[in-house]
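Here is what each chain is made of, one letter per residue.
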Amino acid sequence: MRGTSSGFVTFRVSLSHKTCRAAVIAPSPRCHAGSLPAAPNNEAGNRISMTDVSGELVFRRGKKVGKAVYQNRALSKEGLSERLFALLFSGLVYPQIWEDPDVDMEAMQLGEGHKVVTIASGGCNILAYLTRSPARIDAVDLNGAHIALNRMKLAAVRHLPTQGDLFRFFGEANVEHNSHAYDRFIAPHLDASSRAYWERRSWRGKRRIATFDGNFYKTGLLGLFIAAGHRVAKLYGVDPAAIMVTGSQAEQRRFFDEKIAPVFERRMLRFITARKSSLFGLGIPPAQYDSLLTSGDGSMAGVLKARLEKLACDFPLENNYFAWQAFARRYPKPGEAALPAYLEQDNYATIRANIDRVSVHHANFTELLAGKDAGSVDRYILLDAQDWMSDDQLNALWTEITRTAAPGARVIFRTAAEPSLLPGRLSPALLDQWAYEEQASRDYTTRDRSAIYGGFHLYVKKS
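About the cut-offs
Residues numbered from 1 in each chain as written. Predicted model: local features only at pLDDT ≥ 70, side-chain atom pairs only at ≥ 80, totals over all residues. Heavy atoms only, no water. pLDDT = per-residue confidence, 0-100. Contact = heavy atoms within 4.5 Å. Helix = DSSP H or I, 4+ residues; strand = E, 2+ residues; numbered from the N terminus. Buried < 20%, exposed > 50% of the residue type's maximum accessible area, 1.4 Å probe, protein only. Pairing = 2+ DSSP bridges. Axes fitted to C-alpha atoms, helices over the stretch in contact; angles between N-to-C directions. Arc of directions from axis to C-beta. Salt bridge = Lys/Arg side-chain N within 4 Å of Asp/Glu carboxyl O. 1 Å grid on protein atoms, 1.4 Å probe; cavity = no way out; pocket = protein on both sides within 12 Å on 5 of 7 lines; lining within 4 Å. Points joined across faces, edges and corners; volume = space filled by probe spheres on them. Nonpolar A, V, L, I, M, F, W, Y, C, P; charged D, E, K, R; others polar.

A. Expanded view of the confidence of the model for the protein chain. Across the protein chain, the average pLDDT comes to 83, with 78% of residues at or above 70. The low-confidence segment residues 1–66 (pLDDT under 50) makes 228 contacts with residues lying over four places distant or belonging to another chain.

B. Region of the structure containing unusual backbone geometry. We note that Ser-133 has phi near 55°; this positive angle belongs to a residue other than glycine. Note on placement: Ser-133 falls in the loop between α7 (124–129) and β2 (136–140). By relative accessible area, Ser-133 is classed as buried at 15%. For Asn-174, which is not glycine, the phi dihedral falls at a positive 60°. Mapped onto the elements of the fold, Asn-174 is located in the loop between α9 (163–171) and α10 (178–186).

C. Expanded view of the sheet that holds strand β1 (residues 115–119). Read across the open sheet, the seven strands follow the order β3-β2-β1-β4-β5-β7-β6; overall the sheet is mixed. Unpaired on one side and paired on the other, β3 (358–361) and β6 (434–436) mark the two borders of the sheet. Taking each pair of neighbouring strands and ignoring which way they run, the sheet shows an average axis angle of 20°. Bridge count between β1 and β2: five bridges; the pairing is parallel. Counterpart to Lys-115 in the pairing with β2 is Arg-136. In the packing of helix α6 (residues 101–108) onto the sheet, the strands contacted are β4 (377–381), β5 (405–415) and β7 (455–461), and the crossing angle to β5 comes to about 150°. Each of β4, β5, β6 and β7 touches helix α20 (residues 391–404); the most contacted strand, β5, lies at about 145° to it.

D. Examining helix α22 (residues 438–447) more closely. By the burial criterion, the buried members of α22 are Ser-441, Tyr-444 and Thr-445. All buried residues of α22 lie within an arc of 105° about the axis, which places them on one face of the element. Of the residues in α22, the exposed ones pointing more than 90 degrees away from the buried face are Gln-439 and Thr-446. Packed against the buried residues of α22 are α6, α16 (300–313), β6 and β7.

E. Quick peek at the pattern of salt bridges. The full count for this structure, using the stated rule, is 21 salt bridges. A salt bridge links Arg-195 to Glu-199, with the shortest nitrogen-to-oxygen separation between them at 2.7 Å. Placement of the pair is Arg-195 and Glu-199 together in helix α11 (residues 192–199), with a separation of four residues, close to one helical turn. A relative accessible area of 34% means that Arg-195 is categorised as partly exposed. Taking relative accessible area as the criterion, Glu-199 reaches 25% and is therefore assigned partly exposed. A single salt-bridge network, built from bridges that share partners, covers Asp-100, Asp-102 and Arg-449.

F. Layout of empty space enclosed by the protein. In the structure shown here, the tally under the stated rule is two cavities of 30 Å³ or more. Roughly 50 Å³ of volume is contained in the largest cavity. Residue lining of the largest cavity: Pro-95, Gln-96, Trp-98, Tyr-217, Leu-222, Ile-226, Gln-325 and Arg-329, and that is the complete set. In terms of residue class, the lining of the largest cavity is made up of five nonpolar, two polar and one charged. There is about 30 Å³ of room inside the second largest cavity. Taken together, Gly-123, Ile-126, Leu-127, Asn-150, Lys-153, Leu-154, Val-358 and Val-360 form the lining of the second largest cavity. Those elements that place two or more of their residues in the lining of the second largest cavity are α7, α8 (144–159) and β3. Looking at the lining of the second largest cavity, the element that brings in the most residues is α8, giving three residues. Its residues placed into classes, the lining of the second largest cavity shows five nonpolar, two polar and one charged.

This is the structure in structure tokens:
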């Protein structure tokens, strides 16, 4: 699949952040999360269940994701596509999350005392939320690699000696002693399954943790496809990294119009992006592909062009670390431009003080909520998971959200297309208990620096 989709990846890196979201939410036949016996906390403070041990040590390719995304018979055309998609998304996909946490926290009005349930993905946003000192964050994911990454990030914040060490580990490239820092400070505090993941050796004999000695953000499906896209872009005479030397938004606009935009008119690019399978490497399953086509000029190339235009032009580069990863393939250095919140020096003490408030669960969203008391959750972050879901899955999810929601609870999510997908699909008995903040949602969509989604949506529980 990399060969068929790499030609447009660099121009749509932003759309590649569709984590194994359906797997995180859709009901599965595994044990109910709420019925699992309580497990002792490990030293890193993360609750581990039997589902973690059985699934993570082996990382059965595609099975956990597949339970959530399979909606068609295995031998049908659609069913084969779903199974290929699940296979591709059974390993590390997102070394970095691609939703803007500043927009998230403002929309949620996140503050002290709030109890939060979110999808884990790459984990950056979870750490950002800790700057607002919520009482508790439950992060869920069915992708074992993402579970291992989140648990390592938590252990790193706790046990690396200084903020500089944390930045070198997650913020810089080509720091050869990062794997030694892992061995000394992080590994002794990791649960067995996460440690097994990071210490597994490739056919070359290198441990997986050695990716942090180079550029971790060039790994995972997302990183590999961005890198491939950069190479293909250069075949058209375009170096995406050249946008980083522009000195103003006007110059960013000129670079996009003159260099990047014409590539989307190339016949080969339009031919490739017209096929659903070509976007699997960007995290876009067949159902979400169809949603995307409802916006723009009706072609996928047009949709991708519009989304990348926002990333390249609508925000100053010094304020947008998403653009740095997309175009420069790195984070800025301290003082060079904005960094993810968890890597900013000013946030370090607060995040470290609050790190024990996070629990990472190898489970799905609906199952986790089913084990919680009524009225016990204040904030929900669904990322773009609902784009993948059937009506039955949506209603099962929102049944649990509505039951567990405290008065004034807030739910945020993103969609590939612009409109909210809940009207007409969610039961009126459920939807009528929530107020949709339409104007605020439009504003948050405009201000989301990741620039990848058609819509950001905010729902507030009615009193």
